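# Examination of the molecular architecture
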Amino acid sequence: AKFPRAYANTTLLAYYGQFDDPSSAYGNVLRTAFVTSKNISQPRSTVKETYDLILADLEDAIVGLPMANTANYYASTWAAQLLKARVLMLPTQPAAKATVISLCQDIISKSTYQLEGSYKDLFWNKGLQSSEVILGIKPYTQDIYKFNNYLYYNSVVGTDLMLSLFKNDPRGSWILQPVDDNYSGGKMQIVTKYF
């Protein structure tokens, strides 16, 4: 339970808090007890208090979660370590850099997760079957209407700047793909890495 709470608090802080300033008063509304009618109204905690709870939850998760789980996209000790590394990078404190490097090296050298040799294979072929994926999110399959509707109407379209940056980059030929633009009758370059 502490791992998803740490994950949720990290996401909330990154979106709605002043995550880059530990001295800020604009942290999360922290919940450490079940919500009742008596405790539902509560002020925001400071950013430091938010980080303290997140990191305490992750320390417990690192010790309490299994080293491996039934699938690579479920929580494990290694997922908790990776989230801890991400959390330590948020406030941009130089002192945390060594800890982040150590956590990531530990995951690479001691866990069952292995870095893929091809960045393209990771996103186009292997996906959640990759031994590199930690806490992956299962996307819609490409043969259903909702995915296709999402693909055509809500895609991330490559901006002129993005297109210019990928012009001479070998990844550009597969990260950006031309798709028919139903509105203009032409083609638009969409970011396919996330599909």
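Residues numbered from 1 in each chain as written. Predicted model: local features only at pLDDT ≥ 70, side-chain atom pairs only at ≥ 80, totals over all residues. Heavy atoms only, no water.

This next bit is on the confidence of the model for the protein. When the pLDDT values of the protein are averaged, the result is 84; 88% of them are 70 or greater. When pLDDT is averaged over each element of the protein, helix α2 (residues 47-64) comes out on top at 97 and helix α6 (residues 145-153) at the bottom at 52. (pLDDT = per-residue confidence, 0-100. Helix = DSSP H or I, 4+ residues; strand = E, 2+ residues; numbered from the N terminus.)

Another point: the pairing of strand β2 (residues 187-191). Examined bridge by bridge, strand β1 (residues 176-180) and β2 share five bridges and lie antiparallel to one another. From the neighbouring strand, D180 faces β2, where its bridge partner is K187. (Pairing = 2+ DSSP bridges.)

Let us now look at the layout of surface pockets. Volume-wise, the second largest pocket comes out at about 210 Å³. Y7, T10, T11, A14, Y15, L83, R86, V87 and L90 together form the lining of the second largest pocket. Elements represented by at least two residues in the lining of the second largest pocket include exactly α1 (2-16) and α3 (77-89). The residue makeup of the lining of the second largest pocket, split by class, is six nonpolar, two polar and one charged. (1 Å grid on protein atoms, 1.4 Å probe; cavity = no way out; pocket = protein on both sides within 12 Å on 5 of 7 lines; lining within 4 Å. Points joined across faces, edges and corners; volume = space filled by probe spheres on them. Nonpolar A, V, L, I, M, F, W, Y, C, P; charged D, E, K, R; others polar.)

Moving on, we come to a nonpolar patch on the surface. A cluster of nonpolar residues, L12, Y15 and Y16, forms a patch on the protein surface that exposes about 410 Å² of accessible area. Within the fold, Y15 resides in helix α1. (Patch = residues over 30% accessible without salt bridge, like charges linked within 9 Å, V, L, I, M, F, W, Y side chains within 5 Å. Areas by Shrake-Rupley, 256 points an atom, 1.4 Å probe, with all protein chains shown as cover. Salt bridge = Lys/Arg side-chain N within 4 Å of Asp/Glu carboxyl O.)

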